[in-house]
2 protein chains.
Amino acid sequence: MLEAPGCALAPKQRADAMTAHTLQLIARPVGLPKDSDFALIEAAPREPAAGEITVAVSHLSLDPAMRVWMSDAKSYWPPVVLGEVMRAQGIGRVIASAVPSIPVGALVNGMVGAQSHYIGPAAGFSVLDLDLLKASGVPSPTWTLHALGATGMTAWFGLHDIGRIKPGETVLVSAAAGAVGSIAAQLAKQHGCRVIGVAGGAGKCAWLMDELKVDGAVDYRAGSIGAQISALAPKGIDVYFDNVGGEILDAALARLRRHARIVLCGGISQYNNTERAPGPSNYLAMISARATMQGFVVIDYFDRYKEFALAMGALIAQGKIVAREDIVDGLENFPAALRRLYQSQNLGKQLLKL
Amino acid sequence: MLEAPGCALAPKQRADAMTAHTLQLIARPVGLPKDSDFALIEAAPREPAAGEITVAVSHLSLDPAMRVWMSDAKSYWPPVVLGEVMRAQGIGRVIASAVPSIPVGALVNGMVGAQSHYIGPAAGFSVLDLDLLKASGVPSPTWTLHALGATGMTAWFGLHDIGRIKPGETVLVSAAAGAVGSIAAQLAKQHGCRVIGVAGGAGKCAWLMDELKVDGAVDYRAGSIGAQISALAPKGIDVYFDNVGGEILDAALARLRRHARIVLCGGISQYNNTERAPGPSNYLAMISARATMQGFVVIDYFDRYKEFALAMGALIAQGKIVAREDIVDGLENFPAALRRLYQSQNLGKQLLKL
């Protein structure tokens, strides 16, 4: 539909010439999101007002937290309003601008929503410097949607600020073949930790070992999770970076070293529950382990982006970060692409290309 | 059997004249501890060897953690060995001593075990200064088994080091009519917090309001725990001091304020489970609340006793601490006294008088 960032600039489009599509959330999902929870509608284009920009969206970031935003439960952001565009971060090209500092043609990253064209306030958007990104060794501007964006920040601040990882410690990462987990596993390795990744299936586990160079991989589909962790970390776990919850969390709780930290990043195994699911039975092990479990939300760290970007940029420039993109095409496939996350089908960052 | 501390000194007893009884743990309890899990045996007296003392035990501290020590699960202390004396802290009079610094007649506090006479190393025992205690306003040396001992330290360090309570914050305390909970509720009040106590039954709740002067009491036997907490803390909870686990923990998790802290002190509702119990379903609420849950064990703070004793001693001297003792008589009633804790029958500190 639109050119991928990194290609030559597309011919400038005029707002009145475009066909815009918006994906609205029209029902609160019960369990896994269904196609019928969304409606793809043709949107009426308009010129941006003062302070606004029009962005032709090229890629959307698909994130496990989307399932939380779609429900009407209390969370760190208000729920997506029914009948409005589904919330999503993305990148795209500015095709019309009423903001002097953002020229037409600029590549931007921001909360564009699940739609072909974002028309709204420029606040919160950042302009990407494609030349600088290339010079820094960033293979594609889509990396600002994962390794060099909120995904990477989640891993970075989760490990350092919440997990307080130290060289030599044993770090367990769940959903280690996913977007945040794969970055967290690598960052912990780079910091001198012993890293064990948990993923589903032999293929993902092989990727963890061969590409991410973790010290051990646990296949949660292949027998006892606890026994596998014990075999790889006989002295227990210092830090557990949890993206998943459920059985894996329970297995980790039973294997905590003294003063262990559990980084509560997400609980993807729980997001589509239709009934109240049991919590982690083994939580009382945190008492004798003197362990800490802490929840966090990456948006609290957005004002520390530079600190992160410097460190992560250096690792990327040295070729030390592997980031795999799992790309689905077409806005109409947004629901299916989202389901891939909850069905553990993605390897690396799930993106939607428009 | 022996005089209560604070009474006149008993005539000095000689080791060879005493009849000693020891309560052995002879079976790992399944569910609630039964009388038949213990055996009361007559013990052979002996003179203390070098470095040892003989203590005629007057009072034992009964603690919820005992149930954990009785099982063979991994914990902060090794399990009590079957066929050996049940582990217990207590106070008593030294009736024989092979330690120059501990004279016969001294009143001591230490891990005496569930027995009439402790004969063993003096290491870990502290000599109580009865005159100093009285001058400090401590009503009885048994207070070194609760308000001025490990019970009080658990409340103090749990609130300050783990909970990091601040004046003006809303603090929820479960088992607030119990030993640790009743002290925690009062210490939080003294620190300028708004305190809500949870207890079972109208009588205990009245005691919390009338004697401990908490700001609100939740009767967990009287309808929805969550609704009661919400009514008393409509803006949510900053610190939850948890002695109980189960439903109350889940209700608290659903009502956390941002940056809330959960002090994981114990989980008395879980200790006698015979089947794997569900953990706290609502733990994922810790993510959007940016909340922290931290387990701790008071023995880690024993080297900071003075810091605690100064602060707590001052409060006691000012008459600002209410501590109720719930005393059962006779070593043979140890199992029954212990069950009182798990059946929520005790009001204040459960002691056993020998």
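Along each chain, the written sequence defines residue order, and numbers are assigned to residues from 1. Starting at A for chains and at 1 for ligands, labels are handed out in the order in which the entities are written. Since the coordinates come from a predicted model, pLDDT governs what is reported: local features require at least 70, and pairs of side-chain atoms require 80 or more to be given and counted, while whole-chain, interface and lining totals use all residues. Side-chain figures throughout are based on the complete set of non-hydrogen atoms in the structure, without hydrogens or water.

Enquirer: Would you take a moment to explain the environment of H21 of chain B for this structure?
Expert: Residue and element names in this part refer to chain B. On the secondary structure map, H21 appears in strand β1 (residues 20-25). Linking H21 and L62, residues 41 residues apart in sequence, is a C-alpha distance of 18 Å. Throughout, a residue-residue contact means that at least one pair of heavy atoms, one from each residue, lies within 4.5 Å. Once residues lying within four places of it in the same chain are set aside, the contact partners of H21 are L40, I41, E42, A43, Q115, S116, H117 and L331. Under the DSSP-based scheme used, a helix requires at least four consecutive residues in state H or I and a strand at least two consecutive residues in state E, with every element numbered from the N terminus.

Enquirer: Got a minute to help me understand the interface of chain B and chain A in this structure?
Expert: Where interface size is given, it is often the accessible area lost as the parts come together that is meant. At the interface, 37 residues of chain B touch 37 residues of chain A. Two parts lose some accessible area (1.4 Å probe) when they are put together, and adding that loss for both gives the buried area. When chain B packs against chain A, close to 2,700 Å² is buried across both sides, 57% of that on carbon and sulfur atoms. Here, a salt bridge means any side-chain nitrogen of Lys or Arg that lies within 4 Å of a carboxyl oxygen of Asp or Glu. A salt bridge links R276 of chain B to D250 of chain A; the nearest nitrogen and oxygen atoms lie 2.9 Å apart. Polar contacts here mean pairs of N or O atoms no more than 3.5 Å apart (in protein, one a potential hydrogen donor and the other a potential acceptor; neighbouring residues in sequence count only if both atoms are side-chain atoms). Between chain B and chain A we count eleven residue pairs in polar contact (both at pLDDT 80 or more) in total.

Enquirer: Explanation requested: helix α4 (residues 179-190) of chain B in the structure shown.
Expert: Each α-helix turn comprises 3.6 residues. Residues three or four places apart therefore point the same way. Residues and elements named next belong to chain B. Given the number of residues in a helix, its expected span is that number minus one, multiplied by 1.5 Å. The terminal C-alpha atoms of α4 lie 17 Å apart, and with twelve residues this matches the ideal 16 Å at 1.5 Å per residue to within 8%. Burial classification: accessible surface area is computed with a 1.4 Å probe over protein chains only, and a residue below 20% of its type maximum counts as buried, one above 50% as exposed, and the rest as partly exposed. Counting buried positions along α4 yields ten of twelve residues, so the element is predominantly enclosed. All buried positions along α4 are accounted for by A179, V180, G181, S182, I183, A184, A185, Q186, L187 and A188. G192 sits one or two positions beyond α4 and adopts a positive phi of about 95°.

Enquirer: What's the story with unusual backbone geometry in this structure? I'm lost.
Expert: For residues other than glycine, phi is negative in most cases, and the peptide bonds are mostly trans. Located in the positive-phi region is H259 of chain A, a residue other than glycine, with phi close to 65°. Its location among the elements puts H259 of chain A in strand β12 (residues 256-264).

Enquirer: How should I be thinking about the nonpolar core in this particular structure?
Expert: Proteins that are soluble and globular tend to have nonpolar side chains buried together. Counting 127 residues, the largest nonpolar core has L60, M293 and F334 of chain A together with L60, M293 and F334 of chain B as the members making the most contacts within it. Those residues in contact with M293 of chain B, other than ones at most four positions away along the chain, are Y283, M286, A291, T292 and M293 of chain A together with L249, L253, I262, L264 and M286 of chain B. Residues enter a nonpolar core if they are buried and are Ala, Val, Leu, Ile, Met, Phe, Trp, Tyr or Cys, with the set joined through side-chain atoms within 4.5 Å.

Enquirer: Please clarify how helix α3 (residues 150-162) of chain B should be interpreted in this entry.
Expert: Residues and elements named next belong to chain B. Over its 13 residues, α3 extends only 16 Å from the first C-alpha to the last, a length that falls short of the 18 Å expected when each residue adds 1.5 Å. Every buried residue of α3 is listed here: A150, T151, G152, M153, T154, A155, W156, F157, G158, L159 and I162. At the C-terminal side of α3, R164 shows a positive phi close to 45°.

Enquirer: Got a minute to help me understand the sheet that holds strand β4 (residues 84-85) of chain B in this structure?
Expert: In sheet architecture, strand pairing relies on hydrogen bonds along the backbone and comes in two forms, parallel and antiparallel. Taken in spatial order, the three strands make up an open sheet running β2-β1-β4 (chain B), and their pairing is antiparallel. Each edge of the sheet is formed by a strand with only one pairing partner; in this case those strands are β2 (38-43) and β4 of chain B. Note on pairing: DSSP must find at least two bridges between two strands before they are called paired.

Enquirer: Which parts of the structure should I look at to understand the relation of the copies chain B and chain A?
Expert: For the pair chain B and chain A, the relating rotation is 180°, the translation along its axis is 0.0 Å, and the fit reaches an RMSD of 0.0 Å. These values place the two chain copies in the arrangement generated by a two-fold rotation axis. Minimal C-alpha distance to the rotation axis in chain B is attained by G279 of chain B, lying at 2.0 Å. When the interface residues of chain B are mapped onto chain A, 100% of them again lie at the interface, so the same face is used by both copies. Copies overlap after least-squares fitting; the atoms used are the C-alpha atoms of residues with pLDDT of at least 70 in both.

Enquirer: Just to check I follow, could you spell out the packing of aromatic side chains for this structure?
Expert: Between two aromatic rings, the relevant description is the distance of the centres plus the angle of the planes. Residues and elements named next belong to chain A. In this scheme Phe, Tyr and Trp rings, the latter by its six-membered ring, pair at centre separations within 6.5 Å, and the angle between planes marks the pair as stacked below 30 degrees, edge-to-face above 60, and tilted otherwise. Taken as a whole and judged by the stated rule, the model has 15 aromatic pairs over all chains. Taking 4.8 Å as the distance between ring centres and 15° as the angle between the ring planes, the aromatic pair formed by F157 and Y301 counts as stacked. A residue pair is termed long-range when its members are at least 10 positions apart, and F157 in helix α3 (residues 150-162) and Y301 in the loop between β13 (292-295) and α9 (305-317) qualify at 144 residues. With respect to class, F157 is no different from Y301; both count as buried.

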